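An overview of the molecular structure
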Protein chains: 2
Amino acid sequence: MARVTLQTIADEVGVSRMTVSNAFSRPDQLSGELRARVLAAAERLGYAGPDAAARALTRGRTGVVGMLLETSPFDAFVDEVSVGFMRAAAAGLADAGYSLALLHSNRSGDIVPTRDVAMDGAIVYSCAPQSEGVGDLLRRRLPIVRVEGLPIEGVASVALDDEGGARAAAQHLLDLGHRDIAIVAGGIDADGRPLHDPPASDYSVTRGRLAGWYAALQAADVVPRIVATGATSVDDALRARIRELLAAPPTAVLCWSDLAAVEVLEAAREAGLSVPADLSVVGFDDVPLASRVTPPLTTVRQDLDAKGDAAVRALLSMLDGGAPEAVPPLATTLVVRESTAPPRAS
Amino acid sequence: MARVTLQTIADEVGVSRMTVSNAFSRPDQLSGELRARVLAAAERLGYAGPDAAARALTRGRTGVVGMLLETSPFDAFVDEVSVGFMRAAAAGLADAGYSLALLHSNRSGDIVPTRDVAMDGAIVYSCAPQSEGVGDLLRRRLPIVRVEGLPIEGVASVALDDEGGARAAAQHLLDLGHRDIAIVAGGIDADGRPLHDPPASDYSVTRGRLAGWYAALQAADVVPRIVATGATSVDDALRARIRELLAAPPTAVLCWSDLAAVEVLEAAREAGLSVPADLSVVGFDDVPLASRVTPPLTTVRQDLDAKGDAAVRALLSMLDGGAPEAVPPLATTLVVRESTAPPRAS
DNA sequence: CTGCCTTTCTGTATCGGTATAGCGGCGGTC
DNA sequence: GACCGCCGCTATACCGATACAGAAAGGCAG
């Protein structure tokens, strides 16, 4: 039993293939009576309407926007920050009629998403500019918006004002009177090289936040202690270093994520340190968890809805033929809760 | 400047279009020397490789699996249960080389995802069988797997053993000695009709859980009090009813979700009731939040990874040409934490 | 009754690929 | 020296639709 196509219906009804196509796609092009007959025949033969792939080919539009993630899709769904971004992006795209396809980086199959999945544009979330996936997308000359991650030549981008947020966080601690401050950061010093001052990172989020912390601290002549791993998520190595740090605790800790800050809270509890009396802790991101831990975390909020909206708006304007345009860094807000206080008088 | 296609390259190199195609897709079909020349020309002309839409048309495969959600994509990313499911499903599909496309139900654009987005198969998560989106997908005769939601004729399904989990939860309260038990459930009695006994619901999750609770309670001759709304998420109406309930509190409450249970916890605190001393509370799902609230919630755990894996496995087997096959209900586990205790001796 | 404009439908070309059969040339076998 | 098989490439026919330019039929003004 051959597949049912426009031609099948056309033969059945005794009209041209074109007329059947019009019955589905341009109803005003034929009489209501004939259209009804065509549709009835289609129904009878079990025709679902124009084939999506064929239509995508001729119309040159798929209705799909891809999202390439630095991590595997699995990890992206674990991280509350990327979930929040996906949420806003998916909602914005849905409003504009686009479906969001999560592209993976598994290149072993015969279909490599970044190269072979049909789409009208893509969002590149926190990816290395030189990664294969990004290369594939660039080669296709698709409209692309980069979100976080290092700059990609010729690609519009949406990013947080990491530096400003970090500066505000550091300044908050300085204003409280702290001078002995540690920084907990991932994505730097992967191979144990001596750290620069300020330390360097190829991980854009950490890079911006480091710059902000150092800007404030150096202005106050404070030299921070650095606790770092190469990993960009909280891992056992980082946990161990945090515990080392708290053996001779500073009075305050700046963390590059709320998750890292929660680890510090945990380690402080183990070490018998009271937060914020003995140790002030500042996170970053303001994920839902931040306000639920004990004590609720002082942190730098980023507005994930705004980030998603900005990315979608930038992409939609390109999909409509607009030129890629720069989006200014998204503002952050310092949220002061109960994990920070003046240092204990010594 | 016309678009660069296989033909452009073919003309440039002076070979047939077919040879260029082979250079990309079947390297063994031409000499290495010629292939190198073709690829060099492609590079020079900025050809990204075979067009995805065209390839999808001829090969009949897209590498995309759609996921249709009952709610908007936005809400799906808010609910920890659906996020957990998406996580597992996306990971499983990525391993198999498929990208996951989130289909929205916005039918106003010219591209209706369920009808017009090219895909090889779809997962239908907790959707009404008679919804337009489901109808579109069925008409296309795509391989489909249903996850949660009411049965869809001829569609393989993956669902939780809601009934067994609920029965275990109710039995746990009975074993503790509770006789005055309330049930908090959404998705029933939307228009205020008198409730049946057990109450009816068109919302499959609630339906299964109700059946389980009643099975255990009726066997013990306990008649529960019902607190319900038509909404399937926690809303103000439900919050208000919970507060009414606690004006004359039962000794224990069975909730159809952890989120609802957290509301009960909150309302109990407001009413000056101590959990579990004055009131035992049981949730459902075991979302991450459940173990973090105070007191940690006794709840029925569902394994979202298993659910995602089961759905993906079922779909993959159909994509490989297998027949749809029934997947047995997924097991649940009662997790006893600190929100349940024997009723206060009266 | 003629000419012109609509309405309604059809024919052909095209979208950008891939499958498949076939063709010339070359080395090798008997 | 005729025959065979293989290698490397090409020609042709699709895949399933849509765009666009007509063409037949009918309506209306002059």
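Residues numbered from 1 in each chain as written. Chains lettered and ligands numbered in written order. Predicted model: local features only at pLDDT ≥ 70, side-chain atom pairs only at ≥ 80, totals over all residues. Heavy atoms only, no water.

**Here's the deal with the relation of the copies chain B and chain A**
Convention followed: Least squares is used to superpose the copies, and the fit set is the C-alpha atoms of residues whose pLDDT is at least 70 in both copies. In this analysis, two residues are considered to be in contact whenever any of their non-hydrogen atoms come within 4.5 Å of each other.
When chain B is fitted to chain A, the best match, at an RMSD of 0.1 Å, comes from turning it 180° and sliding it 0.0 Å along the axis. Interpreted geometrically, this transformation is the action of a two-fold axis. Across chain B, the rotation axis passes nearest the C-alpha of alanine 101 of chain B, at a separation of 1.9 Å. Counting the interface residues of chain B, we find that 100% of their copies in chain A are interface residues as well, pointing to one common contact surface.

**What to know about the pairing of strand 8 (residues 252–255) of chain A**
Residues and elements named next belong to chain A. Rules: Buried means the residue's accessible area, taken with a 1.4 Å probe over protein chains only, is under 20% of the maximum for its type, while exposed means over 50%, and partly exposed covers the values in between. Numbering of helices and strands runs from the N terminus; a helix is a DSSP stretch of H or I covering at least four residues, while a strand is a stretch of E covering at least two. One bridge is not enough; two strands pair if DSSP finds at least two bridges between them. If the strands point away from the viewer and the path from the first strand over the helix to the second runs clockwise, then the crossover is right-handed.
Across the two faces of strand 8 the burial is the same, with Ala252 and Leu254 and Val253 and Cys255 all buried. Pairing between strand 8 and strand 9 (residues 280–282): 3 bridges, direction parallel. Each residue of the ladder has a partner; that of leucine 254, found in strand 9, is valine 282. Between the parallel elements strand 8 and strand 9, the chain passes through helix 12 (residues 258–270) in a crossover that is right-handed.

**What about the protein's contact with DNA strand D?**
Where we set the bar: Proximity is defined per residue: any heavy atom of the residue falling within 4 Å of a molecule or strand makes that residue near it. A 3.5 Å cut-off defines polar contacts: any pair of N or O atoms within that distance qualifies, except that in protein one atom must be a possible hydrogen donor and the other a possible acceptor, and neighbouring residues in sequence count only when both atoms are side-chain atoms. Three classes are used, and their members are as follows: Ala, Val, Leu, Ile, Met, Phe, Trp, Tyr, Cys and Pro are nonpolar, Asp, Glu, Lys and Arg are charged, and the others, Gly among them, are polar.
Looking at DNA strand D, there are 27 residues lining it, with Ser21, Tyr47 and Asp51 of chain A together with Thr19 and Ser31 of chain B nearest. Sugar plus phosphate, as a fraction of atoms of DNA strand D within 4 Å of the protein: 62%. Contact distances for DNA strand D include 2.9 Å between a phosphate oxygen and a side-chain N or O atom of serine 25 of chain A. Here aspartate 51 of chain A contributes a backbone N or O atom positioned 2.7 Å from a phosphate oxygen of DNA strand D. Looking at the surface near DNA strand D, the elements with two or more residues in it are helix 2 (17–25) and helix 4 (52–59) of chain A together with helix 2 (17–25) and helix 4 (52–59) of chain B. Class assignment of the residues belonging to the surface near DNA strand D gives a composition of 11 nonpolar, 10 polar and 6 charged.

**A closer look at the protein's contact with DNA strand C**
Taken together, 26 residues lie near DNA strand C, and Thr19, Ser31 and Thr58 of chain A together with Ser21 and Tyr47 of chain B sit nearest. In this structure, a phosphate oxygen belonging to DNA strand C sits 2.6 Å away from a main-chain N or O atom of serine 31 of chain A. Within the backbone of leucine 6 of chain B, an N or O atom sits 2.9 Å from a phosphate oxygen of DNA strand C. Going through the elements one at a time, helix 2 and helix 4 of chain A together with helix 2 and helix 4 of chain B are the ones with two or more residues in the surface near DNA strand C. Across the surface near DNA strand C, the residue classes tally to 11 nonpolar, 9 polar and 6 charged.

**A closer look at the sheet that holds strand 1 (residues 64–69) of chain B**
Heads up, the rule is: Inter-axis angles, ranging from 0 to 180 degrees, are taken between N-to-C directions of lines fitted to C-alpha atoms, where helices are fitted over the stretch in contact.
Ordered by their spatial adjacency, 10 strands build an open sheet running 5(A)-4(A)-3(A)-1(A)-2(A)-2(B)-1(B)-3(B)-4(B)-5(B), and the pairing between neighbours is mixed. Sheet topology places strand 5 (156–158) of chain A together with strand 5 (156–158) of chain B at the edges, where each strand pairs with a single neighbour. Taking the axes of each pair of neighbouring strands and ignoring which way they run, one obtains an average angle of 25° across the sheet. Where strand 4 (residues 144–147) of chain B meets strand 5 of chain B, 3 bridges bridge the pair, whose relative direction is parallel. Residue pairing in the sheet places valine 147 of chain B in a bridge with valine 158 of chain B of strand 5 of chain B. Helix 13 (residues 304–319) of chain A rests against strand 1 (64–69), strand 3 (121–125), strand 4 (144–147) and strand 5 of chain A of the sheet, and its axis sits at about 160° to strand 4 of chain A.

**Re the interface of chain B and chain A**
We count it as follows: Using a 1.4 Å probe, buried area is obtained as the accessible area two parts lose upon being combined, added over both of them. In what follows, salt bridge is the name for a side-chain nitrogen of Lys or Arg lying within 4 Å of a carboxyl oxygen of Asp or Glu.
Chain B puts 47 residues into the contact, and the matching count from chain A is 47 residues. Between chain B and chain A, the buried area comes to about 4,000 Å², and carbon and sulfur atoms account for 63% of it. Together, Phe77, Arg87 and Ile111 of chain B form the three largest contributors to the area buried by chain B at its contact with chain A, with a combined 15%. Applying the counting criterion to the chain B and chain A interface returns 4 salt bridges.

Fair warning: the whole summary comes from geometry, so function is off the table for now.
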